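So you can see what is in the structure, the chains are spelled out below.
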Amino acid sequence: MSKVFICYSHADKEYFDLINKHLSVNKKDIDIWSDIKIEGGDNWRNEIHKALNSCNLAVLILSSNFFNSDFIQNLELKQLLENEFEKGTKLLPILLEDCDIEAFSWIEIKQILPSRDKPLETLKKKVLKTKLKEISQRIRELLAPVPDESTTKEDVKSKNYPDAIDINNFPASNDDFFGREKYFDVLDKAWDDEQVNILSFIAFGGIGKTSLIDNWLKRMKKNHYRGAKNIFMWSFYSQGSGEDRQISAIEFLNEACKFFRVKNFLKKDSYAQGRELADIISNQRTLLILDGLEPLQSSLENIGEVKDNGLQVLLKRLSRQNKGLVIITSRIKLAFIDNQYEELEKLEDSEGAELLDSFELNGTKKELEQISNNFDGHALALKLLGSYTKVVLDGDINRIDEIESLMNDKSNASKHATKMLNSYKKYLQRDGKIELDILKLVGFFDRAISI
């Protein structure tokens, strides 16, 4: 049984109780120790020494009280840092309040939860519960047994570790995800169903297609990607994607050929590359994710058809035979290729309200739900509104009528994201154009630069 030592100041007992409560939900595999276990008559110093030396992991509740405690600094923390070096004891700092943690060098290389800019005491009740749950899950992950170095390759495979993963060209989203849980079930079932070879998610921009896939993958990661042999992800997103943009699949095909070790691929044309990739991928348990495919689809004649020959033959072959799964996100339905598709729906009013509430705005649940309804549940527009209201309007939703470009025209809710961007533009021009000019310069770059 793994042992967890909770190191905290008694002045922070309120938060100690909350963390202890979440860790105590399942005591079958974790023995939680803190000084509340010391009973009358015990030699309390000896008991603390024994607990410090026997624990596998220590939770450190960081606050000004924690750092000002001589007992914690000179006894508990000193011994835990020694045990970390000598025994491999894991240390997990939990940031309770904003304090000068940079003054302590031992913190620099450690992951701090929930994050350095969002201490526990600043979180609303609902968000706090979620973060405490995540902390509990992270503790269990850290305590999970690590495969022995002598573990054979076959043993590792039996635990469903992928042989190779390439996620470098896929945009990451933040950890805040609201609603859409039903689509996780769709993705899970498609991955398990041998009859589903390609699954497409169709929706307008800003609805949350990429975020959905990214958050599903985070869930998959916790289960070692559930038997995937290879994972290759690619985003075709480009600044201002459209019919007037010259988007090509050449870079994708070349990188995929490298990843799947296609021999002499540079000497082959795109059609030959696509065919050979399909032969390799179809015979492996591969998860292939293609994000933002619409620049490579026709929107005039033969709407939805893949225009690039190499990518087209790859997808057509994988639609017929595939031991794994291809996941596609696009604004246009995939035509002439057999695939199961889901149209991503807007956020429900309650989900949109939860998203707005994450920005700590001062409205009631009913008011936030009404705003979400007015915005047609458009995820990106609601995020833009939430951050703008928090920064510019002091978190007061009753002031959103001041956003002139937004409120003048309520006839087309799908344009709210564009209207919000216009509001940002106007705000950034308030003291000259320097901030706006910097953003325009960033806009010249299509994506992150590989070094």
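The coordinates are above.
Read on for an overview of the structure. Just so we're clear, the structure is a prediction, and the values are computed from it rather than from any experiment. Residue numbers restart at each chain and count upward from 1, following the sequence in its written direction. A pLDDT threshold of at least 70 governs which residues receive local features in this predicted model, and a stricter bar of 80 or more applies before side-chain atom pairs are shown or counted, although totals over entire chains, interfaces and linings include all residues. Calculation of side-chain values draws on the structure's entire complement of heavy atoms; hydrogens and water are dropped beforehand.

### Considerations on the overall build of the protein
Okay, so step 1: When helices and strands are counted, the protein shows 17 helices and 10 strands.
Okay, so step 2: Think of it in three bands: with a 1.4 Å probe and only protein chains considered, a residue is buried below 20% of the maximum accessible area for its type, exposed above 50%, and partly exposed in between. The proportion of buried residues among the 451 residues of the protein is 45%.
Okay, so step 3: In what follows, a contact means two residues having at least one pair of non-hydrogen atoms within 4.5 Å. Pairs at least 24 residues apart make up 73% of the contacts formed inside the protein by residues separated by at least 6 positions.
Okay, so step 4: By element, 48% of the accessible surface of the protein is carried by carbon and sulfur atoms, the whole surface being about 24,800 Å². By the criteria applied, helices consist of DSSP H or I runs no shorter than four residues and strands consist of E runs no shorter than two, each listed in order from the N terminus. A 1.4 Å probe and the Shrake-Rupley method give the accessible areas. Residues count as covered only by the protein chains that appear here.

### Some remarks on the nonpolar core
Okay, so step 1: Counting residues in hydrophobic clusters, the biggest one holds 29 residues, and the most contacted among them are F252, L277, L290, L311, L314 and L315.
Okay, so step 2: Per element, the largest residue contribution to this core is five residues, and it comes from helix α9 (residues 250-259).
Okay, so step 3: Setting aside chain neighbours within four positions, we find L315 in contact with I198, L290, L293, V306, V326, I328 and I337.
Okay, so step 4: The next biggest cluster of nonpolar side chains, apart from the first, holds 26 residues, and it includes V196, L199, F201 and M233. Definition of nonpolar core: a set of buried residues of the types Ala, Val, Leu, Ile, Met, Phe, Trp, Tyr and Cys, connected through side-chain atoms within 4.5 Å.

### With respect to the packing of aromatic side chains
Okay, so step 1: Side-chain rings of Phe, Tyr and Trp, where Trp is taken by its six-membered ring, are said to pair if the distance between their centres is within 6.5 Å; with planes under 30 degrees apart they count as stacked, over 60 as edge-to-face, and otherwise as tilted. Taken as a whole and assessed by the stated rule, the structure comprises 13 aromatic pairs.
Okay, so step 2: Taking 5.3 Å as the distance between ring centres and 15° as the angle between the ring planes, the aromatic pair formed by F5 and W33 counts as stacked. A residue pair is termed long-range when its members are at least 10 positions apart, and F5 in strand β1 (residues 2-7) and W33 in strand β2 (residues 30-33) qualify at 28 residues.
Okay, so step 3: Ring geometry for Y388 and Y427: centres 6.1 Å apart, planes at 75°, overall edge-to-face. Residue Y388 is located in helix α14 (residues 379-392), and its partner Y427 is located in helix α16 (residues 416-428); the two are separated by 39 residues in the primary sequence.
Okay, so step 4: Judged by relative accessible area, which is 10%, Y388 ranks as buried.
Okay, so step 5: Through a chain of ring-to-ring contacts, the aromatic side chains of F232, W234, F236, F252, F259 and F260 assemble into a single cluster.
Okay, so step 6: Sitting over the ring of W191, R285 keeps its end group 3.8 Å from the ring centre. Consider the ring centre and the ring normal. A charge sits over the ring if Lys NZ or Arg CZ is within 6 Å of that centre and within 35 degrees of that normal.

### A closer look at the sheet that holds β2
Okay, so step 1: Two strands qualify as a pair provided that DSSP identifies no fewer than 2 bridges between them. An order of β2-β1-β3-β4 is seen for the four strands of this open sheet, with the pairing classed as parallel. Unpaired on one side and paired on the other, β2 and β4 (90-95) mark the two borders of the sheet. Across the sheet, the axes of successive neighbouring strands diverge by a mean angle of 20°, strand direction being ignored.
Okay, so step 2: Summarising the sheet, β1 and β2 pair through four bridges and their orientation is parallel. Bridge pairing in β2 links V4 to I32. Fitting a line to C-alpha atoms yields each axis, with helices limited to the stretch in contact; the angle taken between N-to-C directions then spans 0 to 180 degrees.

### Digging into α16
Okay, so step 1: Here the expected length of a helix is defined as 1.5 Å per residue gap, with one fewer gap than residues. Between the first and last C-alpha of α16 there are 18 Å, a value that for 13 residues agrees with the 18 Å anticipated at 1.5 Å per step.
Okay, so step 2: The set of residues buried in α16 consists of H416, A417, K419, M420, S423 and L428.

### Side note on the pattern of salt bridges
Okay, so step 1: Criterion for a salt bridge: a side-chain nitrogen of Lys or Arg within 4 Å of a carboxyl oxygen of Asp or Glu. For the structure shown, the criterion picks out 18 salt bridges.
Okay, so step 2: Between D214 and K218 there is a salt bridge, and its shortest N-O distance comes to 3.5 Å. One end of the pair is D214 and the other is K218, both in helix α8 (residues 209-222) and four residues apart, which spans about a single turn.
Okay, so step 3: The exposure class of D214 is buried, given its relative accessible area of 10%.
Okay, so step 4: On the basis of relative accessible area, K218 is assigned to the partly exposed category, the value being 29%.
Okay, so step 5: Ionic contacts of the salt-bridge type, sharing partners, join the residues D188, D192, R219 and R226 into one network.

### What to know about the pairing of strand β7 (residues 230-235)
Okay, so step 1: β7 sits mainly inside the fold: six of its six residues count as buried.
Okay, so step 2: As defined by bridge partners, strand β5 (residues 164-169) adjoins β7 across four bridges and the pair is classed as parallel. By the bridge assignment for β7, I165 is matched with I231.
Okay, so step 3: Strand direction decides the pairing type here: β7 and strand β8 (residues 286-291), joined by six bridges, are parallel. Counterpart to F232 in the pairing with β8 is L288.

### Regarding the side chain of N254
Okay, so step 1: In this structure, N254 sits in helix α9.
Okay, so step 2: Within polar-contact distance, the side chain of N254 engages the side chain of Q273 at 3.2 Å.
Okay, so step 3: For N254, the residues in contact, after removing those within four places along its chain, are F265, L266 and Q273. Pairing of N or O atoms within 3.5 Å defines a polar contact, subject to two protein rules: one partner must be a possible hydrogen donor and the other a possible acceptor, and residues neighboring in sequence count only if both atoms are side-chain atoms.

### So, the side chain of N197
Okay, so step 1: Following the sequence through the fold, N197 ends up in the loop between α7 (181-192) and β6 (198-202).
Okay, so step 2: There is a polar contact of 3.0 Å between the side chain of N197 and the backbone oxygen of S319.
Okay, so step 3: Dropping the residues within four chain positions of it, N197 is found in contact with L318, S319, R320, Q321, N322, L325 and V326.

### Focus on the sheet that holds strand β10 (residues 340-343)
Okay, so step 1: Spatially, β5-β7-β8-β9-β6-β10 is the arrangement adopted by the six strands of the open sheet, whose pairing is parallel. Edge positions in the sheet fall to β5 and β10, since each has one partner strand and no second. If you compare each strand with its neighbour and ignore which way they point, the axes differ by 10° on average.
Okay, so step 2: Sheet strands in contact with α7 are β6, β8, β9 (325-330) and β10, and its direction is about 160° off that of β6.
Okay, so step 3: This element, helix α11 (residues 309-320), spans β6, β8 and β9 of the sheet and lies at about 135° to β8.

### Re helix α10 (residues 270-282)
Residues spaced three or four apart along an α-helix point in a common direction, a consequence of the helix completing one turn every 3.6 residues.
Okay, so step 1: With 13 residues, α10 ought to run about 18 Å at 1.5 Å a step, and its terminal C-alpha atoms sit 18 Å apart, in line with that.
Okay, so step 2: Buried within α10 are the following residues: Q273, G274, L277, A278, I281 and S282. When α10 is viewed along its axis, its buried side chains cluster within an angular range of 140° and face the same direction.
Okay, so step 3: For α10, the elements touching its buried residues are α9, β8 and α11. Picture the helix axis, draw a direction to every C-beta atom, and the arc is the one those directions span.

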